[in-house]
Amino acid sequence: MAIALLGGASGIYLQARSALSQTYIARMGERPVVRLSDGTRIQLNANTQVQTQVTRTERTVTLERGEAYFEVVHDAKRPFVVYAGNRRITDLGTKFAVQREGDGVKVIVTEGRVRVDTLDAPVPA
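Cut-offs applied
Residues numbered from 1 in each chain as written. Predicted model: local features only at pLDDT ≥ 70, side-chain atom pairs only at ≥ 80, totals over all residues. Heavy atoms only, no water. Helix = DSSP H or I, 4+ residues; strand = E, 2+ residues; numbered from the N terminus. pLDDT = per-residue confidence, 0-100. Contact = heavy atoms within 4.5 Å. Phe/Tyr/Trp six-rings, centres within 6.5 Å; stacked < 30°, edge-to-face > 60°. Buried < 20%, exposed > 50% of the residue type's maximum accessible area, 1.4 Å probe, protein only. Lys, Arg positive; Asp, Glu negative; His and termini not counted. Salt bridge = Lys/Arg side-chain N within 4 Å of Asp/Glu carboxyl O. Polar contact = N/O pair within 3.5 Å; in protein donor to acceptor, adjacent residues only side chain to side chain.

Caption draft 1: How the structure looks around the environment of Ile-108. As for its position among the elements, Ile-108 is in strand β9 (residues 104-111). Once the C-alpha coordinates of Ile-108 and Phe-96 are considered, the two residues, 12 residues apart in sequence, prove to be 5.6 Å apart.

What follows is the structure, encoded as C-alpha cells:
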C-alpha cells in the first residue's frame, strides 16, 4: 500500500511541475506578450523561443533563441532568473532585455539592476 501511495504522490508531483512549465515561440513578424501567473510581463521579439517555469520558490525563463524584454514583478521569496547560453541573469527589481544569438548574450537594463553570472566560470563574473 505504501508503494501505491508513493507512486500516486509522485505522479501528482510530476503532473503539477509539468503544468507550470510553458514554452512560447514567436515566429517571424510576431511580437507577442506573455504574462506569467505572478504578473510578470515578457515581450518576445520575432524569431524567439523561451521556456518558463513558475513554482512556489522560483521563477525561471530559459531563452533558447532570440530576444525578450522583461518587466518583472518583485517577489523577494521567489527570485526571477533568466538563463541564456552560459549566462544566468538574476533580476534585482527591474526592467531589462536579453538577446541571444548562438553563444552570444547581450543584456540591456532599462530600469533597476540585474546580476549577470557566467555559469562555466569558477567565480561569478
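Caption draft 2: Examining the confidence of the model for the protein more closely. The share of residues in the protein with pLDDT of 70 or more is 81%, and the mean pLDDT across the chain is 85. Confidence drops under pLDDT 50 across residues 1-19; counting only partners more than four residues distant or on other chains, this segment forms 2 contacts.

Caption draft 3: Focus on the packing of aromatic side chains. In this structure the tally under the stated criterion is 2 aromatic pairs. Centre to centre, the rings of Phe-70 and Phe-96 are 5.1 Å apart; their planes meet at 25°, and the pair counts as stacked. With a gap of 26 residues between them, Phe-70 in strand β5 (residues 59-71) and Phe-96 in strand β8 (residues 95-101) connect regions that are remote in the sequence. As far as the burial class goes, Phe-70 and Phe-96 line up, both buried. Here a set of aromatic residues connected by ring pairs shows up, and it is made of Phe-70, Phe-80 and Phe-96.

Caption draft 4: Representation of the side chain of Asp-91. Along the chain, the position of Asp-91 falls in strand β7 (residues 87-91). For Asp-91, which is buried and forms no salt bridge, the nearest opposite charge comes from Arg-59, at a distance of 5.1 Å. Only 3.1 Å separates the side chain of Asp-91 from the backbone nitrogen of Gly-93, close enough to count as a polar contact. Ignoring sequence-local partners within four residues, the contact set of Asp-91 consists of Val-72, Phe-80, Phe-96, Arg-113 and Val-114.

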